[in-house]
Amino acid sequence: VQLQASGGGLVQAGGSLRLSCSTSGRTFNTYASGWFRQAPGKEREFVAAFIWSGYTTYYTDSVKGRFTISRDNAKNTVYLQMDRVRPEDTAVYYCAAKARYSGSVLYTESYDYWGQGTQVTVSS
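The notes below deal with the structure included here.

The rules behind each value
- Residues numbered from 1 in each chain as written.
- Predicted model: local features only at pLDDT ≥ 70, side-chain atom pairs only at ≥ 80, totals over all residues.
- Heavy atoms only, no water.
- Helix = DSSP H or I, 4+ residues; strand = E, 2+ residues; numbered from the N terminus.
- Contact = heavy atoms within 4.5 Å.
- Disulfide = S-S within 2.5 Å.
- Buried < 20%, exposed > 50% of the residue type's maximum accessible area, 1.4 Å probe, protein only.
- Pairing = 2+ DSSP bridges.

This part takes up the side chain of Ser-20. Checked against the element boundaries, Ser-20 lands in strand E3 (residues 17-24). Residue contacts for Ser-20: discarding those within four places in its chain leaves Gln-4, Ala-5, Ser-6, Trp-35, Thr-77, Val-78 and Tyr-79.

Listed below in C-alpha cells is the structure:
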C-alpha cells in the first residue's frame, strides 16, 4: 500500500484546509485509516481515524467538532477537513493505513503504512 498526502499549506487562524491522502496498491486489506501530526520538537500524535467496515470514527479531543475525517471509496482517497484551525494545529500531518485488526487505531505503532507528510502552518 502506498500513501500520498497533499493539501497542506499556510492558513490563518479560524480558516479551513482540506488534506487528502490518496492510496494505491493492496488497499482491499486496509482495516483502518488515520491522520497523525508532528509539531517541531514533539512526538507524532494521533488526530483522527476511521475503521473501513462500519465507518466508526475517532478523534483526539483537541480537534473534535473542528476536524472531520472522511473517505471517497471510488477514488481510494481519505480526507481530513480542518475547520476553525488554531495556531496549535501547526504540524506536519501524516496519513496512515492499518492492515492488522490488532492494536488500537490511536497509536502510531499500530499502523503499517505511512504517507510522506504534508506541512500545515496556521498563522495567528
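Here the narrative resumes.
One pass over the structure, following the stated rule, counts one disulfide. Note that Cys-21 is cross-linked by a disulfide to Cys-95, the S-S spacing being 2.2 Å. Judged by the sign of its S-S torsion, about 65°, the cystine formed by Cys-21 and Cys-95 is right-handed. Highlighted residues: Cys-21 in strand E3 and Cys-95 in strand E9 (residues 91-98), separated in sequence by 74 residues. Classification of Cys-21 by relative accessible area gives buried; the value is 2%. A relative accessible area of 1% means that Cys-95 is categorised as buried.

Only one face of strand E11 (residues 118-123) is buried, namely the one carrying Thr-118, Val-120 and Val-122, since none of Gln-119, Thr-121 and Ser-123 on the opposite face is buried. Summarising the sheet, strand E2 (residues 9-12) and E11 pair through four bridges and their orientation is parallel. Looking at E11, one finds that Gln-12 is bridged to Ser-123. Where E9 lies against E11, three bridges are found, and the strand directions are antiparallel. In the sheet register, Ala-91 faces E11, and the bridge partner there is Val-120.

Everything listed here is a matter of coordinates, which is why it stays silent on function.
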